[in-house]
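# Understanding the architecture of this molecule
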Amino acid sequence: KRTVNKELINKTLLSMRNRGPDHQGYQHISFGENNLYLLSSRLKIVDRNIRSNQPMKMDDLTIIYNGEIYNIEEVKKKIFSYGLKLKTESDTEIILKMYKIFGTKCVDHFEGMWAFLIYDHLNQLVFISRDRIGEKPLYYLKNKDGFFFGSETKFIRILVNNYKEINNKKIMQYLKYGYKSIERTNESFFRNIFKMEAGTNFIIKKDLNILSSSYWKPQINEKKISENICKKLIRKNFEKKIKLIC
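A brief structural summary. (Residues numbered from 1 in each chain as written. Predicted model: local features only at pLDDT ≥ 70, side-chain atom pairs only at ≥ 80, totals over all residues. Heavy atoms only, no water.)

### Re the packing of helix H2 (residues 72–81) against helix H3 (residues 91–102)
With their axes 10 Å apart at the nearest point, H2 and H3 run at an angle of 40° to one another. Between H2 and H3, the crossing angle belongs to the class labelled oblique. In this structure, H2 meets H3 at a crossing whose hand is left-handed. Between H2 and H3, the contacting residues are Ile-72, Val-75, Lys-76, Lys-78 and Ile-79 on the first element and Asp-91, Ile-94, Lys-97, Met-98 and Ile-101 on the second. Classifying every residue of the contact of H2 with H3 gives six nonpolar, no polar and four charged. (Axes fitted to C-alpha atoms, helices over the stretch in contact; angles between N-to-C directions. Helix = DSSP H or I, 4+ residues; strand = E, 2+ residues; numbered from the N terminus. Parallel < 35°, antiparallel > 145°, perpendicular 65-115°, else oblique. Left-handed = near helix turned anticlockwise from the far one by under 90°. Contact = heavy atoms within 4.5 Å. Nonpolar A, V, L, I, M, F, W, Y, C, P; charged D, E, K, R; others polar.)

### Re the sheet that holds strand E7 (residues 139–143)
If you trace the three strands from one edge of the open sheet to the other, you get E8-E7-E9, paired in antiparallel fashion. For this open sheet the edge positions go to strand E8 (146–150) and strand E9 (193–195), each flanked by a neighbour on one side alone. Mean inter-strand twist for the sheet, computed between neighbouring axes without regard to direction, equals 25°. Pairing of E7 with E8, which is carried by five bridges, proceeds in the antiparallel orientation. Note on E8: the bridge partner recorded for Tyr-140 is Phe-149. (Pairing = 2+ DSSP bridges.)

### So, the sheet that holds strand E10 (residues 200–204)
If you walk across this open sheet you meet the six strands as E3-E4-E5-E6-E10-E11, and the pairing is antiparallel. Both edges of this open sheet fall to strand E3 (56–58) and strand E11 (210–214), since each of them pairs with a single strand only. With strand direction ignored, the average angle separating the axes of adjacent strands in the sheet is 20°.

### Regarding the nonpolar core
Counting residues in each nonpolar core, the largest one holds 25 residues, and the members touching the most others are Phe-110, Phe-116, Ile-118 and Phe-127. For this core, the secondary-structure elements that each account for two or more residues are E3, strand E4 (61–69), H2, H3, strand E5 (112–120) and strand E6 (125–130). The contacts of Phe-127, once residues within four sequence positions are left out, are Tyr-99, Thr-104, Cys-106, Val-107, Phe-116, Leu-117, Ile-118, Asn-201, Phe-202 and Ile-203. (Core = buried A, V, L, I, M, F, W, Y, C linked by side-chain atoms within 4.5 Å. Buried < 20%, exposed > 50% of the residue type's maximum accessible area, 1.4 Å probe, protein only.)

Functional significance is not addressed by these values, which are geometric in nature.
So this is what it looks like as structure tokens:
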């Protein structure tokens, strides 16, 4: 709800350099009566050209994104089948084009790891998604001033005036049960900063209410199968995934 001065934005970007030293950028967007600030620190992997720097805006959509989509070629075919063209080789643009076609259902078509935010200028909504297994981190805090999010709690804490409210309960759990207890809940070591659940989407509108939905959960099939069939299934899936990545 408040404005963020350039000095604080630069301080936050500086703290983000470890996540991507190749390019840093930000964009300020009016979101109803609110201010939407999108900060990005890029590690160039897919399409290292400057045309794929972030935040990326195309048509009425803007995105910041951390991750990698593996099934790019398969997704490209879907995009072309709808008569859309691509201006870059980046998977960032691919996410935007798929959102343009399928809306929030676009994530059903991706294989990979991601944490991204899309601002839909036309419908005036924020769409946030985290990958199925939660390989890419995404933390958030909601208070009277607004909604804050980031790949690390550090970025949120800088933006919220050097926020230092410790979550003693989480620290006690960690000291008692060790590192395996960290992922048992979505709490962080700081009060009211939570980790977005894996396989989850957020939709945020101008009133800043969060509509949360789970788009994927693992399906467990406990059929009794032999060890040989089990080995064949593991090899088949392994080879399929390796082909997607390579």
